[in-house]
Amino acid sequence: MNCRCCQGPPQNGHRSAWILILLVILGSCMNPVLKSIFSELHSAISGSYISGSNSLVFVNCPNEQIAKEIARGILEKRLAASVNIMPKTSVLSISNGEIEESTEILLIIRTKTSEMHELFAYIRFVHIFETPDFISVAIDQGNLDHLKWIENLMSEN
């Protein structure tokens, strides 16, 4: 008498394991934290850059002193690898239905995409604007050595 419980695992057991692995990988691509971990593992194993692992963040500041204070804080907390402080720029915007002109200093921040949430929280906390303007752009391609430098420096936390 042959019953299923005595025959051992089904022949498609290997296929079930591969399906589970595939689901974990696909799931990791959907979850930002798991995606970041998966990307770092892939990059470490393959030595290649995963598109979007690093980002540029643009933040406006009212003057150079505040820009330098925010930049230093970001670097001291290791939320970025480097920060450019761009000189005073003219800004035209619509406020209360009117066109207004002002000047601002622009920060360009190089960071790991996985640090974005913490970086934005820090900027919100220290920035003097009630609603600071920060925009991130994922880095698709670039100098591989420089992109690896960002990743390695930020991994030293």
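Further up the page is the structure itself.
Residues numbered from 1 in each chain as written. Predicted model: local features only at pLDDT ≥ 70, side-chain atom pairs only at ≥ 80, totals over all residues. Heavy atoms only, no water.

(A) A look at the overall build of the protein chain. Regarding its fold elements, the protein chain presents five helices and four strands. Listed N to C, the secondary structure of the protein chain is α-α-β-α-β-β-α-β-α in terms of helices and strands. Across the 157 residues in the protein chain, those meeting the buried criterion constitute 31%. Total accessible area on the protein chain is roughly 11100 Å²; 58% of this is exposed by carbon and sulfur atoms. (Helix = DSSP H or I, 4+ residues; strand = E, 2+ residues; numbered from the N terminus. Buried < 20%, exposed > 50% of the residue type's maximum accessible area, 1.4 Å probe, protein only. Areas by Shrake-Rupley, 256 points an atom, 1.4 Å probe, with all protein chains shown as cover.)

(B) Broad picture of helix H3 (residues 64–76). Taking 1.5 Å as the rise per residue, H3 with 13 residues should run 18 Å; its terminal C-alpha atoms sit 18 Å apart, in good agreement. Among the residues of H3, Ile66, Ala67, Ile70, Ala71, Gly73 and Ile74 are the ones counted as buried. The buried residues of H3 all sit within an arc of 165° when viewed along its axis, so they share a single face. Turned more than 90 degrees off the buried face of H3, the exposed positions are Gln65, Arg72 and Glu76. On its buried face, H3 sits against strand S1 (54–61), strand S2 (82–95), strand S3 (98–112) and helix H4 (116–126). Of the residues trailing H3, Arg78 is marked for its positive phi of about 60°. (Expected span 1.5 Å × (residues − 1). Arc of directions from axis to C-beta. Contact = heavy atoms within 4.5 Å.)

(C) Quick peek at the nonpolar core. In terms of nonpolar packing, the biggest core is built from 20 residues, with Val57, Val59, Ile74, Leu107 and Ile109 touching the most fellow members. Of all the secondary structure elements, the ones that give two or more residues to this core are S1, H3, S3 and H4. Apart from the residues within four sequence positions on either side, Val59 is in contact with Ile105, Leu106, Leu107, Ile109, Ile123, His127, Asp133 and Phe134. (Core = buried A, V, L, I, M, F, W, Y, C linked by side-chain atoms within 4.5 Å.)

(D) Spatial organisation of the environment of Glu101. Tracing the backbone shows Glu101 in strand S3. For the pair formed by Glu101 and Val91, sequence separation is ten residues and the distance between their alpha carbons is 5.6 Å. Not counting the four nearest positions on each side in its chain, Glu101 is found in contact with Ser90, Val91 and Leu92.

(E) The environment of Ile109, seen in detail. Within the secondary structure layout, Ile109 lies in strand S3. Residue class for Ile109 comes out buried when judged on its relative accessible area of 0%. Distance from Ile109 to Leu79, taken between C-alpha atoms, is 9.3 Å for residues 30 residues apart in sequence. Setting aside anything within four residues of it in sequence, one finds Ile109 in contact with Ser55, Leu56, Val57, Val59, Ile74, Ala80, Ser82, Val83, Leu119 and Ile123.

(F) Molecular detail of unusual backbone geometry. Its identity is not glycine, yet Arg78 carries a phi of approximately 60°, on the positive side. Mapped onto the elements, Arg78 comes out in the loop between H3 and S2. Judged by its relative accessible area of 36%, Arg78 is partly exposed. Even without being a glycine, Asn96 presents a positive backbone phi close to 55°. Along the chain, Asn96 turns up in the loop between S2 and S3. Residue Asn96 is classed as exposed on the basis of its relative accessible area of 77%.

(G) Structural view of the pairing of S1. Within S1, six of the eight residues are buried, which leaves the element mostly enclosed by the surrounding structure. Of the pairings in the sheet, the one linking S1 to S3 comprises eight bridges and is antiparallel in character. Bridging from a neighbouring strand, Leu56 pairs with Arg110 of S3. Where S1 and strand S4 (residues 134–138) come together, five bridges link them in antiparallel fashion. In the sheet register, Phe58 faces S4, and the bridge partner there is Ile135. (Pairing = 2+ DSSP bridges.)

Nothing here speaks to function; it is geometry throughout.
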